[in-house]
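An overview of the molecular structure
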Amino acid sequence: MRIRYDRFPGGVHKAITLSFDDGQIHDRRVVEKFNEYGLKGSFHLNSGTLGTEGFLSREEVRPLFTGHEVSAHTVSHPFLEQSPLEQMVQEIMEDRKGLESLVGYPVRGMSYPFGTYNDQLVSVLPSLGIEYARTVEHHNRFDMPSDFLRWHPTCRHWHMVEYANQLINLKQSFTKMALLYVWGHSYEFEDDNNWELLDRFGEIVAGKEDIWFATNAEIVSYIHALRQLRFSADYRMVHNPSAQSVWISVESDVVELAAGQLTVLG
């Protein structure tokens, strides 16, 4: 009996997540487009710049990003790899605290300011409550991350339409998780006068039933739940101890493993 971890929620193979950094006022238009097309995003904010010129106000953060995810980006956007450990910790923890006071839920992820980091920083992130951290190192593929603390995206938003078409055109015989991860800055749409990219992207992927649209944190939670599955020695029984259902392939069948339940396979 062949078992594969190759399914997202609902039993689909494909997923899309998007993230935008810095919390500038143009996030408002990005969120408007996301909501129009049913997209979901993670918005990495610097709590220290909220309320200053060109940035979102503190009061609008919670209502604006309802249905999406607010994530950390440090308080003041420093080069973390050039900072002493104590400063790294303060920048991340104070950002978490500031953002959590606005949104009312635990902030679990971040993106690295300027995309820079080092091994020391990565090693302390779990102790700071950080479950994922996005880099800016594009791999131009649909791969799932091997390390969520060095989560490399597929592409910058400049190429989002190209990769959306590639994802749509993946053959039905494709039997692994395919994740399109797009990142960018909302002000770049304004600077480059190319807001139409969001509409073209949305028109390509909106309403596709074979795609899971998720925030960064939702993807992390789902993969963690998959990794927590407990199989019997002959892998014909499986217990899902997590609080969310997961889906796997068993031979050619798609099987839902309900939250908290024991399932007999085959």
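Now for a look at the structure at hand.

1. Here's the deal with the pattern of salt bridges
Across all of its chains, the model carries 15 salt bridges by this definition. Measuring nitrogen to oxygen at the nearest pair gives 2.5 Å for the salt bridge that ties E188 to R156. Residue E188 is located in helix 6 (residues 186-192), and its partner R156 is located in strand 7 (residues 155-156); the two are separated by 32 residues in the primary sequence.

2. Topic: the side chain of S47
Take S47: it is sitting in the loop between strand 3 (41-45) and helix 2 (58-64). Given a relative accessible area of 9%, S47 falls into the buried group. Side chain to side chain, S47 and D95 meet in a polar contact 2.8 Å long. Discounting chain neighbours no more than four positions away, the residues touching S47 are R58, T74, V75, E94, D95 and L99.

3. Remarks on unusual backbone geometry
Apart from glycine, the bulk of residues carry a negative phi angle, and the bulk of peptide bonds sit in the trans form. One non-glycine residue, H77, lies in the positive phi region at around 60°. Mapped onto the elements of the fold, H77 is located in the loop between strand 4 (69-72) and helix 3 (85-103). Phi is positive for N140, close to 60°, though the residue is something other than glycine. Mapping N140 onto the fold places it in the loop between strand 6 (132-134) and strand 7. Judged by relative accessible area, which is 44%, N140 ranks as partly exposed.

4. Comments concerning the sheet that holds strand 10 (residues 230-231)
Pairing in this open sheet of three strands is antiparallel, and the strands run 10-11-14 from one edge to the other. Two strands close off the open sheet at either side, each with one partner strand: strand 10 and strand 14 (262-264). Sheet topology note: the strand 11 (residues 237-239)/strand 14 ladder contains three bridges and is antiparallel. Note that in strand 14 the partner of M237 across the bridge is V264.

5. Section: helix 7 (residues 196-205)
Think of an α-helix as 3.6 residues a turn; residues three or four steps apart then line up on the same face. For helix 7, the buried fraction is high: seven of the 10 residues fall into the buried class. Regarding helix 7, the residues found buried are L197, L198, D199, F201, G202, I204 and V205. Structurally, helix 7 contributes buried residues whose contacts are with strand 2 (14-22), helix 1 (27-37), helix 5 (160-168), strand 8 (178-184), helix 6 and strand 9 (211-213). With its phi angle positive at about 75°, G207 sits one or two positions after the end of helix 7.

6. Observations regarding the sheet that holds strand 13 (residues 253-257)
Judged by pairing direction, the sheet is antiparallel, and its three strands sit side by side in the order 1-12-13 without closing on themselves. Each edge of the sheet is formed by a strand with only one pairing partner; in this case those strands are strand 1 (3-4) and strand 13. As paired strands, strand 1 and strand 12 (residues 246-250) are joined by two bridges and run antiparallel to one another. Across the sheet, I3 pairs through a bridge with V250, a residue of strand 12.

7. Quick look at the packing of helix 5 against helix 7
Where helix 5 contacts helix 7, the axes come no closer than 9 Å and their chain directions differ by 5°. When the axis of helix 5 is compared with that of helix 7, the two are roughly parallel. In this structure, helix 5 uses M160, V161, A164, N165 and I168 to contact helix 7, whose residues at the interface are L197, L198, R200, F201, I204 and V205. Within the contact of helix 5 with helix 7, the residues separate by chemical class into nine nonpolar, one polar and one charged.

Reading guide: rules and limits
- Residues numbered from 1 in each chain as written.
- Predicted model: local features only at pLDDT ≥ 70, side-chain atom pairs only at ≥ 80, totals over all residues.
- Heavy atoms only, no water.
- Salt bridge = Lys/Arg side-chain N within 4 Å of Asp/Glu carboxyl O.
- Helix = DSSP H or I, 4+ residues; strand = E, 2+ residues; numbered from the N terminus.
- Buried < 20%, exposed > 50% of the residue type's maximum accessible area, 1.4 Å probe, protein only.
- Polar contact = N/O pair within 3.5 Å; in protein donor to acceptor, adjacent residues only side chain to side chain.
- Contact = heavy atoms within 4.5 Å.
- Pairing = 2+ DSSP bridges.
- Axes fitted to C-alpha atoms, helices over the stretch in contact; angles between N-to-C directions.
- Parallel < 35°, antiparallel > 145°, perpendicular 65-115°, else oblique.
- Nonpolar A, V, L, I, M, F, W, Y, C, P; charged D, E, K, R; others polar.

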